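Reading the structure
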Amino acid sequence: MLAAACAVHVHPADIALKPDQLAEACREVEGLLAVGVRVNEEVLSQAGKLRVVANCGVGYDNIDVEACTRRKIVVTNTPGVLTDTTADLAFALLLAVARRVAEGDKFVREGRWERWEFGMMWGADVHHKTLGVWGFGRIGQAVARRGRGFEMNVLYHSRRRASPALEGGLAARFVDRETLLRESDFLSLHVPYETGTHHLIGARELGLMKPSAFLINTARGKIVDEEALVAALKSRTIAGAGLDVFEHEPHLHPELTKLNNVVLLPHVGSATGETRLKMATLAAENLLAALHGRRPPNVVNPEVY
Ligand code: DGY
């Protein structure tokens, strides 16, 4: 799609360029399809011809949107196409940590399984439990829908309350933050990362959760105070966590990998062949629309128009 319309320079390795390398690569470009790279002042100040940054991802905390807006650079993202895929992964983590799937797999592989035992590797039930969803956008709603499939009682909290029709359709009940924290057996995070959501979950919030509760994070690592989470997991303030994202990824808090009550994944929420192709296609469509002077379908900074 891109090659048919533009001269394309592809960074050949699937390793994100650092800002100084990206800045160098962007000096002459008009459009940037950003895959996992940070686009900050350092890059933008040297990219005088840049008109559009098409992020290949729904979250765009890797991009200094304000700085783009100041320069009238359009920023786009890829919402919608990865909703169900990410919700599937949140549920995979939820099931895995509750039923100790990763731990059991390791146990079998290491040849430690000697006989069937009644008391072996008890986990926690998922069905008929209370699922708390924090952030009720597309992905949060898709997780709630999966919760209904498991006959869970679904609670949610978000900045804006959903319409009665949406709440009714998903049988989801709006509650305040404290109720969500106190009543959820599984708390799944689906808010974007921004200043207001930095360390949304810290020691205080973890302390409000049930000791039998599990935290699931497929949103962004910095939403959770990782130090506080490790302390809560170690002291069993909460029962466990399923994490696809980390505060300083790809670096993890050194204690996390030592804990059995946590399932860890390398930020693969939207990583299926089908979905990655849809994301790439949508990012390319956004990019081309902007370069051709049309308004792209997924603009995140409409103020530029
Ligand atoms: C997204 O789309 O936001 C994924 O987390 C990939 O960055």
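Predicted model only: the values in this text are computed from it and were never measured.

As for the site of the ligand
Taken together, the neighbourhood of the ligand is formed by Gly57, Val58, Gly59, Leu82, Arg220 and His267. One nitrogen or oxygen atom from the main chain of Gly59 is found 2.8 Å from an oxygen atom belonging to the ligand. Compared with its free state, where it exposes 230 Å², the ligand has 79% of that area covered by protein.

Points about the pairing of strand S9 (residues 240–243)
Within a regular strand, the side chains alternate between the two sheet faces. Side chains Gly240 and Gly242 project from S9 onto one buried face, and the interleaved Ala241 and Leu243 project onto a second face that is buried too. In the classification by handedness, the crossover that spans strand S8 (residues 214–217), the intervening helix H11 (residues 226–234) and the parallel S9 is right-handed. The pairing of S9 with strand S10 (residues 262–264) spans 3 bridges and is parallel. In the sheet register, Leu243 faces S10, and the bridge partner there is Leu264.

Notes on the side chain of Asn62
Its place among the elements puts Asn62 in the loop between strand S2 (52–55) and helix H4 (65–70). Dropping the residues within four chain positions of it, Asn62 is found in contact with Val37, Arg38, Val39 and Asn55.

So, the packing of helix H5 (residues 83–98) against helix H7 (residues 138–149)
Where H5 meets H7, the closest approach of the two axes is 8 Å, and the angle between their N-to-C directions is 55°. Between H5 and H7, the angle falls in the class oblique. Once H5 is placed against H7, the crossing between them reads as right-handed. Judged by residue contacts, Thr83, Asp84, Thr86, Ala87, Asp88, Ala90 and Phe91 of H5 engage Arg138, Ile139, Ala142, Val143, Arg145, Arg146 and Gly147 from H7.

Here's the deal with the pairing of strand S7 (residues 186–189)
Residues Phe186 and Ser188 point to one face of S7 and Leu187 and Leu189 to the other, with burial holding for every one of them. As paired elements, strand S4 (residues 130–134) and S7 share 4 bridges and run parallel to each other. Residue pairing for S7: Val133 is matched across the bridge by Ser188. Across 4 bridges, S7 lies against S8 in parallel orientation. Each bridged residue has a counterpart across the sheet, and for Phe186 the counterpart in S8 is Phe214. Between the parallel elements S7 and S8, the chain passes through helix H10 (residues 203–208) in a crossover that is right-handed.

Cut-offs used in this document
Counting from 1, residues in each chain are numbered in the order their sequence is written. In keeping with the predicted nature of the model, local features appear solely for residues at pLDDT of at least 70, side-chain atom pairs appear and are counted solely at 80 or more, and the whole-chain, interface and lining totals rest on all residues. With hydrogens and water stripped out, all remaining heavy atoms of the structure feed into the side-chain values. Residues are counted as near a molecule or strand when any one of their heavy atoms sits within 4 Å of it. The definition of a polar contact used here is a pair of N or O atoms within 3.5 Å, where within protein one atom must be able to donate a hydrogen and the other to accept one, and adjacent residues in sequence count solely through side-chain atom pairs. The accessible surface values rely on the Shrake-Rupley method and a 1.4 Å probe; as for residues, cover is taken only from the protein chains in view. Note on exposure labels: buried denotes an accessible area under 20% of the residue type's maximum, exposed denotes more than 50%, and partly exposed covers the range between, all computed with a 1.4 Å probe on protein chains only. Secondary structure elements follow DSSP: runs of H or I no shorter than four residues count as helices, runs of E no shorter than two count as strands, and numbering proceeds from the N terminus. Orienting the strands away from the viewer, one traces the path from the first strand over the helix to the second; a clockwise path indicates a right-handed crossover. In short, DSSP must find at least two bridges between two strands for them to pair. Throughout, a contact is declared for two residues whenever any of their heavy atoms are within 4.5 Å. Between N-to-C directions, angles cover 0 to 180 degrees, with each direction set by a line fitted to C-alpha atoms, over the stretch in contact for helices. The scheme is simple: roughly parallel for angles under 35 degrees, roughly antiparallel for over 145, roughly perpendicular for 65 to 115, oblique for anything else. Handedness of each helix crossing follows the sense of rotation of the near helix against the far helix: counterclockwise by less than a right angle gives left-handed, clockwise gives right-handed.

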